[in-house]
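# Overview (structure and organization)
Read off the chains here:
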Amino acid sequence: MTVQELYAKLCDPRFQNPEDGDIFYNFFIYQYPADKEYEMRQQIEEFQTNLKRPSNYVDVLTLNLFDEFCAYLDNQRFLKYPSMLQYLLEQERTQPDKADKVQSTLERHAHSEKFLRYLHERIMQHISIDDEYRRPYVFLHGIGSMFPYLRVNQLLAAYEDYNETDKYRIIVFYPGHREQNSFRLFDTLSDHHTYRATLLINE
């Protein structure tokens, strides 16, 4: 599916209705070459701007997963430290021999219920705004930046307890491609099959 075809689908009134289609699936994956990452980020901004125009009146919540994770950590206290993020950065800088411990801590927090609730609250705050706009989409990118702390299939599987499939669709922008039943992050690293997600391809 080309970028133009994806935009046309996002503008489709039927696709804009989360209740139209399979009520159990609201995760959609759009794959693109890994070397187009920054071009795609610019394209996501254009999607967001264009969809908000009067022809659609759609206000999209765009989440950079890595930025959201950093913001989450920055607001977590740890012992006497007001920011878990700053504590871990300091540990990594002053004690590089403990980098493995820092990484395991990051992985644990990335998979935590608190981080899932943080993402859920971000989404619910957005779709609960009462004004003239509709809010059927959440754009999720920054997938590559979160590797190896959290993989897409792990996130989508874990988020199922919070997911409200009839209220929004999550469009995941994935820098890689599919090979048989596996996704290859950065076109190189096996990411396994993405759990309960529809791959956006030419129809």
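Our subject in this report is the structure included herewith. Only a predicted model underlies this, so the values are computations on that prediction, with no experimental measurement involved.

So, on to the side chain of Q16. For Q16, the position within the fold is in the loop between α1 (3-11) and β1 (27-32). In terms of polar contacts, Q16 uses its side chain to reach the backbone carbonyl oxygen of C11, at 3.4 Å. Engagement of the side chain of Q16 in a polar contact is seen with the side chain of R134, the distance being 2.8 Å.

Here we take up the packing of aromatic side chains. One pass over the full model with this rule turns up 16 aromatic pairs. Seen in terms of ring centroids, Y72 and F115 are 5.3 Å apart; in terms of plane orientation they differ by 50°. Their pairing is tilted. In this pair, Y72 is assigned in helix α3 (residues 65-74) and F115 in helix α6 (residues 113-127), connecting sequence segments 43 residues apart. F115 gets classed as buried once you look at its relative accessible area, which sits at 0%. Relative to Y87, the ring of F78 has its centre 4.7 Å away and its plane inclined at 40°; by these criteria the two rings are tilted. For Y87, a relative accessible area of 18% gives the class buried. Put simply, the rings of Y7, F15, F28, Y30, F47, Y137, F139 and F173 pair up and form one aromatic cluster.

All right, on to unusual backbone geometry then. Following F147, the chain continues into P148 via a peptide bond in cis, with omega recorded as 5°. Along the chain, P148 turns up in the loop between α7 (143-146) and α8 (152-158). Phi at Y57 takes a positive value of approximately 55°, unusual for a residue other than glycine. Structurally, Y57 is set in the loop between α2 (37-51) and β2 (61-64). Judged by its relative accessible area of 34%, Y57 falls in the partly exposed class.

What counts as what
- The numbers attached to residues start from 1 for each chain and follow its sequence in the written order.
- Under the rules for a predicted model, residues below a pLDDT of 70 receive no local features and side-chain atom pairs below 80 are neither given nor counted, while totals for whole chains, interfaces and linings still include all residues.
- As a rule here, side-chain values come from all non-hydrogen atoms in the structure, and water together with hydrogens is ignored.
- Only DSSP runs of H or I covering at least 4 residues are called helices, and only runs of E covering at least 2 are called strands; the numbering of each starts at the N terminus.
- Contacts described as polar in this section are N or O atom pairs within 3.5 Å, which, within protein, must combine one atom able to donate a hydrogen with one able to accept it, while residues neighboring in sequence count only if both atoms come from side chains.
- Any two rings among Phe, Tyr and Trp, with Trp reduced to its six-membered ring, count as a pair given centres within 6.5 Å; such a pair is stacked if its planes are under 30 degrees apart, edge-to-face if over 60, and tilted if neither.
- Exposure categories follow from relative accessible area, calculated using a 1.4 Å probe and restricted to protein chains: below 20% of the type maximum is buried, above 50% is exposed, and the middle band is partly exposed.

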